[in-house]
Amino acid sequence: MPSAPPAPVLVVGGSGFVGRLAAGMLRRFQPDLPLAIGARDLARASAVAQTLGDAQALQVDLQRRDLGLPHDARYGAMVVFVKDETLNTLRFAQDRGIAYVSVSSGSFEIAPEVAQFIQHPQAAPVLMLSHWLAGAASLPTLHALREFESVDSIEIGVMLDEQDVGGPAAHADLERLTRVAPHAQVLEQGRWVWAHGDLSARSFVGVDGTAWQGQAYSPLDVVSLAAATTARRVRLDIAVGESAARRRG
């Protein structure tokens, strides 16, 4: 008997700036994988689905535990590109036993997701991937650290071009994580502390030699790198302005 076709990956927020790019990358690397593009606006989701091929568009209601989706719908995995304060996307995944990927929570915001997972640890695998650009800083760092017997300090400086912060959801994430949220979490002298005062900022040099004044930031890079190494100082600082690439035209 022929095997059943794979269930589609449900991309919630798939019509947004980042979600649309991520769905396109999925299609590039998995050309035979069916996709489901979920969004509040069905017309926008449909436009994205049409460009991808082998994709369906769905209207998602984050206020409902079933997300407003058909009860008998099957999905192989779920990736959420919006900040879901209701956690209904996570409950939906656990109710159906499908893998769940979260990409929008700062390190100080994951307690509700962790608690929800702890209550139902066998329901579904949950991957919290709220690292800077989904690991663009942490993965090269971990690779480079293989050359060292031990590491004392990890300091990452990231430069975000003010014209390249994505769509409305990405703007909201940046605003929440840098201005509205509590002080950033950093590991300082082996202790987890909230960065404020002099500890809240750090100067670093960009790839083109430009000096930047960065602000401490709390994506999951900080806690992940601290857990993976013996470093007693781990921090990630972000600066917003004109990037080296834009300066070159």
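Higher on the page you've got the structure.
Residues numbered from 1 in each chain as written. Predicted model: local features only at pLDDT ≥ 70, side-chain atom pairs only at ≥ 80, totals over all residues. Heavy atoms only, no water.

So, the overall build of the protein chain
Right, on to step 1. Along the protein chain, the regular secondary structure elements total eight helices and twelve strands.
Right, on to step 2. For 249 residues, the compact-globule estimate of 2.2 N^0.38 gives 18 Å, and the C-alpha radius of gyration of the protein chain, at 20 Å, lies within 12% of that figure.
Right, on to step 3. If one aligns the C-alpha atoms of the protein chain with their principal axes, the spans along those axes are about 60 × 45 × 35 Å.
Right, on to step 4. Here the protein chain, with 249 residues, has 45% of them falling under the buried criterion.
Right, on to step 5. Pairs at least 24 residues apart make up 62% of the contacts formed inside the protein chain by residues separated by at least 6 positions.
Right, on to step 6. Of the roughly 13,700 Å² of accessible surface on the protein chain, a fraction of 55% belongs to carbon and sulfur atoms. (Helix = DSSP H or I, 4+ residues; strand = E, 2+ residues; numbered from the N terminus. Rg over C-alpha atoms; globule rule 2.2 N^0.38 Å. Buried < 20%, exposed > 50% of the residue type's maximum accessible area, 1.4 Å probe, protein only. Contact = heavy atoms within 4.5 Å. Areas by Shrake-Rupley, 256 points an atom, 1.4 Å probe, with all protein chains shown as cover.)

Notes on the pairing of strand 5 (residues 99-102)
Right, on to step 1. With four bridges joining them, strand 4 (residues 77-80) and strand 5 adopt parallel strand pairing. Within strand 5, the position partnered with Ala-77 by the bridge is Ala-99.
Right, on to step 2. For the crossover that starts at strand 4, traverses helix 3 (residues 88-96) and ends in the parallel strand 5, the hand is right-handed.
Right, on to step 3. Sheet topology places strand 5 next to strand 6 (residues 126-128); three bridges connect them, and they run parallel. When the bridges of strand 6 are listed, Val-101 appears paired with Leu-127.
Right, on to step 4. Crossover strand 5 to strand 6 through helix 4 (residues 111-119) is right-handed. (Pairing = 2+ DSSP bridges. Right-handed = clockwise from strand over helix to strand, strands pointing away.)

Digging into the side chain of Ser-218
Right, on to step 1. With respect to the helices, strands and loops of the structure, Ser-218 is situated in the loop between strand 11 (211-217) and helix 7 (221-228).
Right, on to step 2. At a separation of 2.7 Å, a polar atom in the side chain of Ser-218 contacts the main-chain amide nitrogen of Gln-185. (Polar contact = N/O pair within 3.5 Å; in protein donor to acceptor, adjacent residues only side chain to side chain.)

Observations concerning the sheet that holds strand 2 (residues 35-39)
Right, on to step 1. If you walk across this open sheet you meet the six strands as 3-2-1-4-5-6, and the pairing is parallel. Of all the strands in the sheet, just strand 3 (55-59) and strand 6 have a single pairing partner and so form its edges. Each strand axis lies, on average, 15° off the axis of its neighbour in the sheet, ignoring direction.
Right, on to step 2. Running over the sheet, helix 1 (residues 17-29) touches strand 1 (9-12) and strand 2 and is turned about 175° from strand 2. (Axes fitted to C-alpha atoms, helices over the stretch in contact; angles between N-to-C directions.)

Points about the packing of aromatic side chains
Right, on to step 1. Under the criterion given, the structure shown has two aromatic pairs.
Right, on to step 2. Pairing Tyr-75 with Phe-92 gives two aromatic rings, centres 6.2 Å apart and planes at 50°, and the pair type is tilted. One end of the pair, Tyr-75, is in the loop between strand 3 and strand 4; the other, Phe-92, is in helix 3, with 17 residues separating them in the sequence.
Right, on to step 3. Judged by centre distance (6.2 Å) and plane angle (80°), the ring pair of Trp-132 and Tyr-217 falls under edge-to-face. (Phe/Tyr/Trp six-rings, centres within 6.5 Å; stacked < 30°, edge-to-face > 60°.)

Quick look at the packing of helix 3 against helix 4
Right, on to step 1. Closest axis-to-axis distance for the helix 3/helix 4 pair is 11 Å, and the angle between their directions is 15°. With respect to helix 4, the element helix 3 is oriented roughly parallel. Of the two elements, helix 3 crosses helix 4, and the hand of that crossing is right-handed. Across from Leu-90, Arg-91 and Gln-94 in helix 3, the residues of helix 4 making contact are Glu-113, Gln-116 and Phe-117. (Parallel < 35°, antiparallel > 145°, perpendicular 65-115°, else oblique. Left-handed = near helix turned anticlockwise from the far one by under 90°.)

Some remarks on helix 1
Right, on to step 1. The terminal C-alpha atoms of helix 1 lie 19 Å apart, and with 13 residues this matches the ideal 18 Å at 1.5 Å per residue to within 8%.
Right, on to step 2. Taken residue by residue, helix 1 has Gly-19, Ala-23 and Arg-27 as its buried positions. For helix 1, the angular spread of buried residues about the axis comes to 80°, placing them on one side. Summarising the geometry of helix 1, the exposed residues directed more than 90 degrees from the buried face are Leu-21, Arg-28 and Phe-29.
Right, on to step 3. The elements touched by buried residues of helix 1 are strand 1, strand 2 and helix 2 (42-52). (Expected span 1.5 Å × (residues − 1). Arc of directions from axis to C-beta.)

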